[in-house]
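# Chain and residue survey
Each chain is listed here by its residues.
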Amino acid sequence: MIDIKSLTLPELQEEMEKIGEKKFRAGQIYEWMHVKLVDSFDEMTNLSKGLREKLKEQYELISLELVEVQTSKIDETSKFLFRLSDGNVIESVLMKYHHGNSVCISSQVGCRMGCRFCASTLDGLERGLKPSEMLDQIYKIQKWSQERVHNVVVMGTGEPLDNYDSLLRFIHLLTDEGGLHISQRNLTVSTCGIVPNMRRLADEKLQITLALSLHASSQEKRKTLMPVAYKFDLKDVLDACRYYFEQTGRRITFEYSLVGGVNDSSEDARELTELVKDLNCHINLIPVNPIKERDYVQSDSRAILNFKNKLEKSGINVTIRREMGRDIDGACGQLRKSYMDTEKER
Ligand code: SAH
């Protein structure tokens, strides 16, 4: 069955013609799915019963099932666990900032990138998410919170550039003026550095922000934390970042997770400065969130501040990411992982 929520409006118009319906029906259905955010054809009340039946027979309307919500008592951050129609579960996060609500979504079920400190990759990759499954995380959260979602970050489980075609279609649907119409500038895609697809994305000339997970200031050290570095050299990754900026004019964000005793020394900060000083960028320092399967620890607060000051003194834009929802399975992929582990035990 065709996944109707992943179709663009022109594609949906073609579909309607194919099944002998008027073209304008496509606009109505599109609005039900992407603006009114309904979960079933039966809720599309301006369509005849006959048409609704026909749609049910030929199209699948993807709708995620909310399994669990955990809300932090500290900062109102909420984590959502959703079940997909094939039984897989994924997680998403809602963060409330004064500048608006931000949703972090997953792009794959699991991940095959193998970053050493990340919980999402421990069980490998199951499959990439469909555009509709990425969208519906946002739709379900907007409905649940009854507040508009302003920002979307593709920083949950999975490597978005390892699911390129679905990601691109998702971006199109999410930012489309006939849908939720989130501004491209309010969308960030985070990658571990898949060079060819970073370049492909640059060539799309979108206005989205590209975040690069850097985590180390040398190729050698990066290899110890991120296996993807064996495939793509740091120099080529940074060249791709430069290219992204040239093509889009959008400043790159570098994510740098500080791991105690591993990448948080003054020397690391100095090397990092050298690496990025000619790039129009912003560095986001993330105190690593320890996972129980690995023995990495967070940098102590003095090392974190020292690291930040060193970069700042060299004129680099830098912020320390505020930790959100520490009390609710904080780190990426931990909620899903702990849910799956207890499922297995049952
Ligand atoms: N695959 C993409 C997006 C998902 S990960 C990427 O690699 O960018 C989102 C960000 O969280 C990445 O920067 C990732 O390295 C970081 N991250 C993952 N696990 C973490 C942990 N335990 N502590 C701190 N940051 C973590």
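What counts and what doesn't
Residues numbered from 1 in each chain as written. Predicted model: local features only at pLDDT ≥ 70, side-chain atom pairs only at ≥ 80, totals over all residues. Heavy atoms only, no water. UniProt positions renumbered as here; feature names shortened; annotations may be inferred. Helix = DSSP H or I, 4+ residues; strand = E, 2+ residues; numbered from the N terminus. Rg over C-alpha atoms; globule rule 2.2 N^0.38 Å. Buried < 20%, exposed > 50% of the residue type's maximum accessible area, 1.4 Å probe, protein only. Polar contact = N/O pair within 3.5 Å; in protein donor to acceptor, adjacent residues only side chain to side chain. Contact = heavy atoms within 4.5 Å. Salt bridge = Lys/Arg side-chain N within 4 Å of Asp/Glu carboxyl O. Near = heavy atom within 4 Å. Areas by Shrake-Rupley, 256 points an atom, 1.4 Å probe, with all protein chains shown as cover. Arc of directions from axis to C-beta. Pairing = 2+ DSSP bridges. Right-handed = clockwise from strand over helix to strand, strands pointing away.

The name given to the protein chain in an unreviewed UniProt entry is Probable dual-specificity RNA methyltransferase RlmN, and the organism recorded there is Hominiventricola aquisgranensis. In its Sequence similarities (unreviewed entry) section, the UniProt record describing the protein chain reads: "Belongs to the radical SAM superfamily. RlmN family." The record held by UniProt for the protein chain lists under Subcellular location (unreviewed entry) the comment "Cytoplasm".

Further remarks concern the overall build of the protein chain. Along the backbone of the protein chain there are twelve helices and 14 strands. For the protein chain, the C-alpha radius of gyration of 21 Å lies close to 20 Å, the compact-globule estimate for 346 residues. With respect to the three principal axes, the spread of C-alpha positions in the protein chain is 70 × 50 × 40 Å. Per-residue burial for the protein chain yields a buried fraction of 55% across its 346 residues.

Another aspect to go through is the side chain of Gln108. Within the secondary structure layout, Gln108 lies in strand S7 (residues 108-110). Its relative accessible area of 2% is what places Gln108 among the buried residues. In this structure the side chain of Gln108 is engaged in a polar contact, spanning 3.0 Å, whose partner is the backbone nitrogen of Glu159. Non-local contacts of Gln108, meaning those with residues more than four positions away in its chain, are made with Ile90, Leu125, Arg127, Gly128, Leu129, Thr157, Gly158, Glu159, Asp162 and Asn163.

Moving on, we come to the pattern of salt bridges. Should their charged atoms come close, side chains of opposite charge can pair. Counting across every chain of the model gives 28 salt bridges. The closest approach of N and O atoms between Lys235 and Asp239, which form a salt bridge, is 3.3 Å. Of this pair, Lys235 and Asp239 both sit in helix H9 (residues 234-248), four residues apart, which is roughly one turn of the helix. Residue classification places Lys235 among the exposed residues on the basis of a relative accessible area of 54%.

Around the ligand sit 18 residues in total, of which Glu159, Ser190, Ser213, His215 and Asn289 are the nearest. Here a nitrogen atom of the ligand and a side-chain polar atom of Glu159 are 2.9 Å apart. Measuring from an oxygen atom of the ligand, one finds a side-chain N or O atom of His215 at 2.5 Å. Relative to its free-state accessible area of 530 Å², the ligand is covered by the protein chains to the extent of 95%.

Next up on the list: helix H1 (residues 9-18). Spacing of three or four residues puts side chains on the same side of an α-helix, whose turn is 3.6 residues. Considered for burial, the residues of H1 that qualify are Leu12, Glu15 and Met16. Considered in projection along H1, the buried side chains sweep an arc of 100° and stay on one side of the axis. Every exposed residue of H1 that faces more than 90 degrees away from the buried side is listed here: Pro10, Glu14 and Lys18. Backbone geometry just downstream of H1 places Gly20 in the positive-phi region, at approximately 75°.

With seven of its seven residues buried, strand S12 (residues 252-258) lies for the most part within the structure. A two-sided burial pattern is seen for S12, the buried positions comprising Ile252, Phe254, Tyr256 and Leu258 on one face and Thr253, Glu255 and Ser257 on the other. Note: strand S11 (residues 209-213) against S12, three bridges, orientation parallel. Residue pairing across strands places Ser213 opposite Glu255, the latter belonging to S12. Across seven bridges, S12 lies against strand S13 (residues 281-287) in parallel orientation. Paired with Phe254 across the bridge in S13 is Ile283. With respect to chirality, the unit in which S12 leads through helix H10 (residues 266-276) into the neighbouring parallel S13 is right-handed.

It is worth spelling out the UniProt feature "binding site: [4Fe-4S] cluster" (unreviewed entry) in the protein chain at this point. The sites that UniProt annotates as "binding site: [4Fe-4S] cluster" (unreviewed entry) are Cys111, Cys115 and Cys118. Examined against the element boundaries, Cys115 turns out to sit in the loop between S7 and strand S8 (125-128). Under the relative-accessibility criterion, Cys115 is labelled buried at 12%. The contacts of Cys115, once residues within four sequence positions are left out, are Thr121, Leu225, Met226 and Pro227.

It is worth spelling out the UniProt feature "active site" (unreviewed entry) in the protein chain at this point. The residues that UniProt annotates with the feature "active site" (unreviewed entry) are Glu91 and Cys332. As for its position among the elements, Glu91 is in strand S5 (residues 89-97). By relative accessible area, Glu91 is classed as buried at 4%. Reaching out from Glu91, the side chain makes a polar contact with the side chain of Lys79 at a distance of 2.8 Å.

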